[in-house]
Amino acid sequence: MRILVTNDDGIDSPGLHALAAMAVRQGHEVVVAAPAREASGAGTSLTGVEADGRIATETRPALFPGVPTFAVSASPAFIALMATRGAYGQEPDVVLSGINRGPNTGAAVLHSGTVGAAFTAVANGCRAMAVSLDVPFRAGAADSVEYWDTAAEVAGDLMPLLSDEYVLNVNVPNLHAGDLRGIRRATLAQFGTVQMVLLEQGHGYVRMSLEQSDHGAEPGSDDAWLLDGYVAVSPVRPAREAADIALPGLVDTAGEHVGG
């Protein structure tokens, strides 16, 4: 398969490199195109740095032999969209997004640049997976060991489950592969482990921060399985019509009144 590997932590992220290395080991045709700078929280935004209508793109030395590598001044979703239009060679069959620094669980996936790239890929006919590792958001935490290869190995094992009907959202505990307790299908938690909080409000400004939530994990949710040492896997559809929702008094596409 032809695979685009992208992320929202930026082209120099160790998680991106581990994910690309896995795809290369599996024998796929791989291209790497990722934000030139961190783009966390970008969701599905289509933003980029333009000059005369051109998105700034730097060709980097290949991460691996034969793997074209691009640092793009654009959001992850925009990179995924451009890839489906042939911006980095032949259109990809699969988009692998990650490995994100920190979990992407619960309703917070709406804001994730990692998941946003995967949503955009599926909406444009690709199969896609978003992969996140439960490590501190900021690199260099005291005594921290980061098991990027564990998450990459899990992603490789889950490749056969990919579909163009949904994004496979995968959250991996920060453990050696041999210490994982297993893999579980998970519901999306109502909130998610990480929340945006207001730190300070002053004259003409506010200051926000991403913080770990102290709410209890909901049984069966991605948060709960992750905290218990399991890989949490959730299929999530990008934007679709809520066809099962009745809107009283409105006329449907057949010209008939629906919903009472």
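Just above, that's the structure.
Scope of this entry: the structure provided in the associated data block. All of these numbers come straight from a predicted model, not from anything done at the bench.

1. Some thoughts on the sheet that holds strand E5 (residues 57-60)
Move 1: Taking strand neighbours across the sheet as the criterion, the 9 strands line up as E5-E6-E2-E1-E7-E8-E9-E13-E10 in an open arrangement whose pairing is mixed. Taken across any chain shown, the strands that pair with only one partner, and hence form the sheet edges, are E5 and strand E10 (183-185). Shown here is a sheet whose adjacent strand axes are inclined to one another by a mean of 20°, direction ignored.
Move 2: Of the strand pairs in this sheet, strand E9 (residues 167-172) and strand E13 (residues 231-236) are connected by 5 bridges, and their pairing is antiparallel. Residue pairing in the sheet places Val167 in a bridge with Val236 of E13.
Move 3: This element, helix H1 (residues 14-25), spans strand E1 (2-6), strand E2 (29-35), strand E7 (94-101) and strand E8 (127-133) of the sheet and lies at about 145° to E7.

2. Considering the nonpolar core
Move 1: Core analysis: the largest hydrophobic core is formed by 35 residues, its most contacted members being Val5, Leu96, Ile99, Met129 and Val170.
Move 2: Residue assignment for this core shows that the elements contributing at least two residues are E1, H1, E2, E7, E8, helix H4 (148-158), E9 and E13.
Move 3: With residues up to four places along the chain from it excluded, the contact list for Ile99 reads Asp9, Ser13, Gly15, Leu16, Ala18, Leu19, Val131, Ser132, Leu133, Trp148, Ala151 and Ala152.
Move 4: The next biggest cluster of nonpolar side chains, apart from the first, holds 25 residues, and it includes Val31, Ala118, Ala121 and Val236.

3. Overview of the pairing of E8
Consecutive residues of a regular strand have side chains that alternate between opposite faces of the sheet.
Move 1: Along E8, 6 of the 7 residues are buried, which leaves the element largely enclosed by surrounding structure.
Move 2: Tracing the backbone out of E7, into helix H3 (residues 113-123) and back to the parallel element E8 gives a crossover that is right-handed.
Move 3: Note that E8 and E9 share 6 bridges and pair parallel. Paired with Val131 across the two strands is Val170, which belongs to E9.

4. A word on a nonpolar patch on the surface
Move 1: Where nonpolar side chains cluster on the molecular surface, the patch consists of Met196, Leu198, Val206 and Met208 and spans about 400 Å² of accessible area.
Move 2: Those elements giving two or more residues to the nonpolar patch turn out to be strand E11 (194-202) and strand E12 (205-212).
Move 3: Its place among the elements puts Leu198 in strand E11.

5. What to know about the pairing of E1
Move 1: E1 sits mainly inside the fold: 5 of its 5 residues count as buried.
Move 2: Every second residue of E1 is oriented toward a common face, with Arg2, Leu4 and Thr6 on one face and Ile3 and Val5 on the other, all of them buried.
Move 3: With 4 bridges joining them, E1 and E2 adopt parallel strand pairing. When the sheet's bridge partners are listed, Val5 is paired in E2 with Val32.
Move 4: Note that the unit made of E1, H1 and E2 has a crossover that is right-handed.
Move 5: Sheet topology places E1 next to E7; 4 bridges connect them, and they run parallel. For Thr6, the partnering residue across the bridge sits in E7 and is Ser97.

6. Thoughts on the pattern of salt bridges
Move 1: One pass over the full model with this rule turns up 5 salt bridges.
Move 2: For the salt bridge of Glu29 with Arg2, the shortest nitrogen-to-oxygen distance reads 2.7 Å. Taken as a pair, Glu29 in strand E2 and Arg2 in strand E1 lie far apart in primary sequence, 27 residues in all.
Move 3: Assessed through its relative accessible area of 44%, Glu29 is described here as partly exposed.
Move 4: The closest approach of N and O atoms between Asp12 and Arg60, which form a salt bridge, is 3.3 Å.

7. Comments concerning the packing of aromatic side chains
Move 1: This model, assessed by the stated rule, comprises 2 aromatic pairs.
Move 2: Ring geometry for Phe70 against Tyr88: centres 5.4 Å apart, planes inclined by 35°, an arrangement best described as tilted. Separated by 18 residues along the polypeptide, Phe70 in strand E6 (residues 69-72) and Tyr88 in the loop between helix H2 (76-84) and E7 bring together distant segments of the chain.
Move 3: A centroid spacing of 5.1 Å and a plane angle of 75° characterise the contact between Trp225 and Tyr230, whose relative ring orientation is edge-to-face.
Move 4: Given a relative accessible area of 23%, Trp225 falls into the partly exposed group.
Move 5: Since its relative accessible area comes to 11%, Tyr230 is described here as buried.
Move 6: Lying over the aromatic face of Trp225, Arg184 brings its terminal NZ or CZ to 5.6 Å of the ring centre.

About the criteria used
Residues numbered from 1 in each chain as written. Predicted model: local features only at pLDDT ≥ 70, side-chain atom pairs only at ≥ 80, totals over all residues. Heavy atoms only, no water. Pairing = 2+ DSSP bridges. Helix = DSSP H or I, 4+ residues; strand = E, 2+ residues; numbered from the N terminus. Axes fitted to C-alpha atoms, helices over the stretch in contact; angles between N-to-C directions. Contact = heavy atoms within 4.5 Å. Core = buried A, V, L, I, M, F, W, Y, C linked by side-chain atoms within 4.5 Å. Buried < 20%, exposed > 50% of the residue type's maximum accessible area, 1.4 Å probe, protein only. Right-handed = clockwise from strand over helix to strand, strands pointing away. Patch = residues over 30% accessible without salt bridge, like charges linked within 9 Å, V, L, I, M, F, W, Y side chains within 5 Å. Areas by Shrake-Rupley, 256 points an atom, 1.4 Å probe, with all protein chains shown as cover. Salt bridge = Lys/Arg side-chain N within 4 Å of Asp/Glu carboxyl O. Phe/Tyr/Trp six-rings, centres within 6.5 Å; stacked < 30°, edge-to-face > 60°. Lys NZ or Arg CZ within 6 Å of the ring centre and 35° of its normal.

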